[in-house]
Amino acid sequence: MDPVTDNRAPEPLTEYAQRLAHRVRAFDGRHPLLWDLPFTGFWVTAALIDYTGDGWRHNAHQLDVPGWLLLTLSLGLSVPLVWRRTHPAAVLAAMAPFALVNAWTGAALQAALLQLVLVYHLALRRPLRDLWWATALVLAPVVLSAARHGEGTWDQQLGSQLMSIAVAALIGVTVRTRRTYTEALEDRARRLETERDQQAQLATAAERARIAREMHDIIGHNLSVITGLADGGRYAAAKSPERAAQALDAIATTGREALTELRRLLDVLREEEKQQPDLTPQPGLTDLDRLLDGVRSAGLPVSTTVHGSPSLPPGRQLTVYRVIQEALTNTLKHGGPDATAQIELSYEEKAAVTVTITDTGSRGDADGISRNGRGLPGMRERTALYGGTLEAGPRPRPEQGWRVRLCLPEESPQ
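Anyway, here's the lowdown on the structure attached to this text. Every chain is numbered independently, its residues counted from 1 as its sequence is written. For a predicted model such as this one, the threshold for reporting local features is a pLDDT of at least 70, and the threshold for listing and counting side-chain atom pairs is 80 or more; totals across whole chains, interfaces and linings nevertheless cover every residue. Computation of side-chain values covers all heavy atoms of the structure but excludes hydrogens and water.

What follows covers the pattern of salt bridges. Note on definitions: salt bridges are taken to be side-chain nitrogens of Lys or Arg within 4 Å of carboxyl oxygens of Asp or Glu. All told, the structure shown has nine salt bridges when counted by the stated rule. In this structure, the salt-bridge partner of Asp36 is Arg84, at a minimum N-O distance of 3.2 Å. In this pair, Asp36 sits in helix α2 (residues 33–52) while Arg84 sits in the loop between α3 (67–76) and α4 (88–105), placing the two residues 48 residues apart along the sequence. Only protein chains enter the area calculation, which uses a 1.4 Å probe; residues under 20% of their type maximum are buried, those over 50% are exposed, and those in between are partly exposed. Here Asp36 falls in the buried class, since its relative accessible area comes to 3%. For Arg84, a relative accessible area of 2% gives the class buried. As a salt-bridge pair, Arg196 and Glu193 come within 3.9 Å of each other at their nearest N and O atoms. Runs of H or I in DSSP of at least four residues are treated as helices and runs of E of at least two as strands, each being numbered from the N terminus.

Below, the structure is given as structure tokens:
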């Protein structure tokens, strides 16, 4: 049966039986004597009944065996079974002298067959090479009985005992193989569960990082624009109320856009199963004009130069958009009142693109942007997704200002 196509759930009765068997095995592992004592008591009782009821006389080679010896042999061949699971080799070795005396005296007690229980446990718990000496130990009384009492042919006696040993060993090996297979499946299930939890944690961490990056881009940019508009409106309020009103309108528009983007982003955190997802696409190159209009209204003159025709997939468009947004946001924050910015986009074949954003602002701390915040690390993470490079730093002297350069290589074929 194909394990890939067979996805049927286990039957309820089978599942219940599996749980019950697991509980029984676990209980037996914690309290082994609760099973070992009744098991041993049953076979001790059977051996004593064989002795007291004279049932042993039907198979005996000699009928004049003393009663005390018969009792000793019956107990010696049955009582040690209580330790059969913990020390099967030692128990078989301890029973061997009683089996040899049983064969030598001709009593032929049926309790000698309990050695096969030890063969089963050796095959179940010990290395399989132990079966060689165990077989020799169990066959020794048969050889001794045939040599001393001479009843039956050698091949009949040895063949029968060898067949019994083989069956007991085969049952032990089968149970051992099944147990090992079950343990391997359980271990694999545990490892898969652990791996699933780890993958879920990694996915959660990645999603949190993505959300934090998006929120930084949205909030940082829009708040910078709103701050610039508010400062301009404050200065214009006394001299030009109309420009102040325009600044307030721009602030309201920018705030509404920021709230819309935040709602779309935070929708992924909602847990309602019936919540319909927001299908509004992520910003791309078609949204650059609106972004630049907002920056210009905040007081930062921006000029653009475009080479080639854009043909980028949505993921690369979002990366270009966010890098430009972050660079202009930093200029609004740190460039000063007289700063200007210039954007140069070069589109090449196979979705390759180069973007250069320069400004003329004067920063008191040229390294402050790279040391603090999530802006530049977020841009580098986006760039690394497409195997690109991002350079950000002060422009070479004597020029002043800041330059950000993004290079995305050609898209590799899938």
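Text resumes after the structure shown.
Moving on: the packing of α2 against α3. Lines fitted to the C-alpha atoms define the axes, with helices restricted to the stretch that makes contact. Angles between their N-to-C directions range from 0 to 180 degrees. Relative to each other, α2 and α3 sit at 160°, their axes nearing to 9 Å. With respect to α3, the element α2 is oriented roughly antiparallel. As for how α2 packs across α3, the hand of that crossing is right-handed. Facing α2, whose interface residues are Val44, Ala47, Leu48 and Tyr51, α3 presents Gly67, Leu70, Leu71, Ser74 and Leu75. Residue polarity follows a fixed list, in which Ala, Val, Leu, Ile, Met, Phe, Trp, Tyr, Cys and Pro are nonpolar, Asp, Glu, Lys and Arg are charged, and the others, Gly among them, are polar. For the contact of α2 with α3, the per-class residue count stands at seven nonpolar, two polar and no charged. Throughout, the term roughly parallel applies to angles under 35 degrees, roughly antiparallel to angles over 145, roughly perpendicular to angles from 65 to 115, and oblique to all others. Crossings are assigned a handedness: left-handed for a near helix turned anticlockwise from the far helix by less than a right angle, right-handed for a clockwise turn. By definition in these notes, contact holds between two residues if any of their heavy atoms fall within 4.5 Å.

In this scheme Phe, Tyr and Trp rings, the latter by its six-membered ring, pair at centre separations within 6.5 Å, and the angle between planes marks the pair as stacked below 30 degrees, edge-to-face above 60, and tilted otherwise. Applying the stated criterion across every chain yields a total of three aromatic pairs. Between Phe39 and Trp43, the aromatic rings sit 6.4 Å apart at their centres with planes inclined by 70°, giving edge-to-face as the arrangement. Linking Phe39 with Trp43, this pair stays in helix α2, spanning four residues, or about one helical turn. A relative accessible area of 19% means that Phe39 is categorised as buried.

A few words now on the sheet that holds strand β3 (residues 353–359). The strands making up a sheet are joined through hydrogen bonds of the backbone, oriented either antiparallel or parallel. The mixed open sheet is built from five strands, whose spatial order is β1-β2-β3-β5-β4. Edge strands, defined here as strands with exactly one partner in the open sheet, are β1 (302–307) and β4 (389–394). With direction set aside, neighbouring strand axes in the sheet form an average angle of 10°. Where helix α9 (residues 288–297) meets the sheet, it contacts β1 and β2 (341–347), and its direction lies at approximately 155° from that of β1. The strands that helix α10 (residues 314–334) touches are β1, β2, β3, β4 and β5 (402–408); relative to β3, the one it contacts most, it runs at about 10°. For two strands to be treated as a pair, DSSP must find at least two bridges joining them.

Located in the positive-phi region is Ala108, a residue other than glycine, with phi close to 55°. Take Ala108: it is sitting in the loop between α4 and α5 (115–125).

Moving on, we get to the pairing of β3. The element β3 is extensively covered by neighbouring structure, given that seven of its seven residues are classed as buried. Along β3, one buried face is formed by Val353, Val355, Ile357 and Asp359 and the opposite face, lined by Thr354, Thr356 and Thr358, is buried too. Looking at chain direction, β2 and β3 are connected through seven bridges and run antiparallel. Paired with Ala341 across the two strands is Asp359, which belongs to β3. Hairpin connection between β2 and β3: a loop of five residues separates the two successive antiparallel strands, and Lys350 in this loop has a positive phi of roughly 55°. Across seven bridges, β3 lies against β5 in antiparallel orientation. In the strand pairing of β5, Thr356 is matched with Arg405.

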